[in-house]
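In case you want the letters, here they are:
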Amino acid sequence: MNKSDSERIAGILSHFDYVETDVEKEADLLIVNTCSIRQLSADKAYSLLGVWGKWKKTRPELKIAICGCVAQQDKEKVRQRAPYVDLVFGTHNIYELPELIKRIENDEKVCAITNTPVVCDQNDFKIIRKESVNAWIPIIEGCNNFCTYCVVPFTRGRERSRRPEEIITEAKNIVKEGFKEITLLGQNVDSYGKDFKDENITLANLLRKLNKIEGEFRIRFVTSYPSDITDDLIDAVEECDKVCKYFHIPMQSGNSHILEEMNRHYTKAKYYEIVSKIRNRFPDVAITSDFIAGFPGETEEEFQDTLDAIDELELDYSNTAAYSPRVFTKAGKMVDKFLTEEVKYERLNRLNEKNREVCLKSNEKFIGKTLKVLVESKTVKDGKITLNGRADNNKIVHFEDTTKKIGDFVNVKINKAQTWCLYGEPVV
Ligand code: SAH
Ligand code: SF4
């Protein structure tokens, strides 16, 4: 979501003759787009501001801005830590940038943080996309779930869906520009459309509409909330040839008591049911997840349930993190239940070890199979050209070829599997 926001910020600025520079030190305006999902990412943002503040001492005309979740969370307090910052703008204020930029150009110090977004058609602004093959489209912003560990509902606000017509226009433009993959984004994509009064506006129906756009491209969507995945969504994924057979469904914990403490609206059994429903429908599907190690009060036995779940569900890959207390959240206040850093990181290590183990197992299942790979990049080493891409199920695949190029879809027969990737050769 942050990457997508940055592309939109760069696009809006381009309307005001700002161009991106590769040389950070030469920039007239520096913006850090921040994430506050864990303390580490927030700390990184402030340390970057510290470096830029030093530059401003010798170049007072330099303008410094901070946006994203840390800005939304800390508001005016950003300036207590970094008084030299010219502009603080929140996650709802990106589309106010044209005005905000003019104000800081006139040497005003600005803090623009609101709790409601500026309503506009995003297609009125350019988007400077960073990747040449994949294009991000945010379809829903914010979250109503209030998981007890998570700061997102406080930094991104309540759920707001974009109108389907606006998304379809953006998608058509993307395909016309030659992108080969569209990734629909949202903190909880399954909630798409629930804030409209029209029950036909759902993620499933959006996929059906996007699938009708002519051209050779594919569609992904992230992130899914386990118990919100409907049968109609699974039907839509099956019906739509352009939609990847891939689901990212964070489980967070393999223990029902911890899930309840996290305020996740499903049990371990319900999650197992969803995974088996999807696996029964799509033989080569990949299902990936997120897990948190060391949630407040988590016992060793409860943590063991997470390791067991990863094994039993044969998950294809998981993002992992040690629990990080966040401001405003319920779990952040459970101080007497906090585990020590030592326990959290020891569990995280075991979680990562389990993840590596199941990833390799999952990859080995594809040896001998042919996967359709979208080429994303090329590496040349010792005169050998290797093409790198991802299969429909999001597996990373490398193969040698001199005839294909970035953006091509190639059928690749897999002949070797490693923990994080597959190797193969093109077949006709
Ligand atoms: N909406 C998605 C997740 C968005 S946040 C969902 O519900 O699954 C991305 C991931 O960050 C989460 O899945 C979670 O695993 C992790 N995360 C969020 N808050 C965290 C915290 N306080 N400490 C550690 N990890 C956290
Ligand atoms: Fe955070 Fe939970 Fe919302 Fe995901 S569903 S963004 S984890 S509150």
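For the structure, check the block above.
Residues numbered from 1 in each chain as written. Chains lettered and ligands numbered in written order. Predicted model: local features only at pLDDT ≥ 70, side-chain atom pairs only at ≥ 80, totals over all residues. Heavy atoms only, no water.

1. Details of the pattern of salt bridges
Between side chains of opposite charge, a pair can form as their charged atoms come close.
Reasoning step 1: Counted by the stated rule, this structure contains 43 salt bridges.
Reasoning step 2: A salt bridge links glutamate 170 to arginine 129, with the shortest nitrogen-to-oxygen separation between them at 2.8 Å. Taken together, the residues span a long stretch of sequence, with glutamate 170 in helix H7 (residues 164-176) and arginine 129 in the loop between strand E4 (110-112) and strand E5 (134-138) at a distance of 41 residues. In terms of burial, glutamate 170 and arginine 129 fall into one category: buried.
Reasoning step 3: Across the salt bridge formed by lysine 365 and glutamate 314, the nearest N and O atoms sit 3.6 Å from each other. Taken together, the residues span a long stretch of sequence, with lysine 365 in the loop between helix H13 (341-364) and strand E13 (370-381) and glutamate 314 in the loop between helix H12 (300-312) and strand E12 (317-322) at a distance of 51 residues.
Reasoning step 4: Note on lysine 365: relative accessible area 40%, which makes it partly exposed.
Reasoning step 5: With a relative accessible area of 43%, glutamate 314 lands in the partly exposed category.
Reasoning step 6: Look at the salt bridges and you will find they share partners, linking Glu7, Arg8, Arg129, Arg162, Glu166 and Glu170 into a network. (Salt bridge = Lys/Arg side-chain N within 4 Å of Asp/Glu carboxyl O. Helix = DSSP H or I, 4+ residues; strand = E, 2+ residues; numbered from the N terminus. Buried < 20%, exposed > 50% of the residue type's maximum accessible area, 1.4 Å probe, protein only.)

2. A closer look at the pairing of strand E14 (residues 384-391)
Reasoning step 1: As paired elements, E13 and E14 share eight bridges and run antiparallel to each other. For valine 373, the partnering residue across the bridge sits in E14 and is alanine 391.
Reasoning step 2: Following E13, the chain reverses through two residues before pairing antiparallel with E14; aspartate 382 in that reversal takes a positive phi of roughly 50°.
Reasoning step 3: Inspection of the sheet shows E14 paired to strand E15 (residues 396-400) by five bridges, in the antiparallel sense. Paired with asparagine 388 across the strands is histidine 398, a residue of E15.
Reasoning step 4: Linking two consecutive strands that pair antiparallel, namely E14 and E15, is a turn of four residues; a positive phi of about 75° is found at asparagine 394 within it. (Pairing = 2+ DSSP bridges.)

3. Section: the side chain of threonine 155
Reasoning step 1: The topology assignment puts threonine 155 in helix H6 (residues 152-156).
Reasoning step 2: Judged by relative accessible area, which is 1%, threonine 155 ranks as buried.
Reasoning step 3: With sequence-adjacent residues up to four places away left out, threonine 155 is seen in contact with Ser36, Cys69, Gln72, Gln73 and Thr91. (Contact = heavy atoms within 4.5 Å.)

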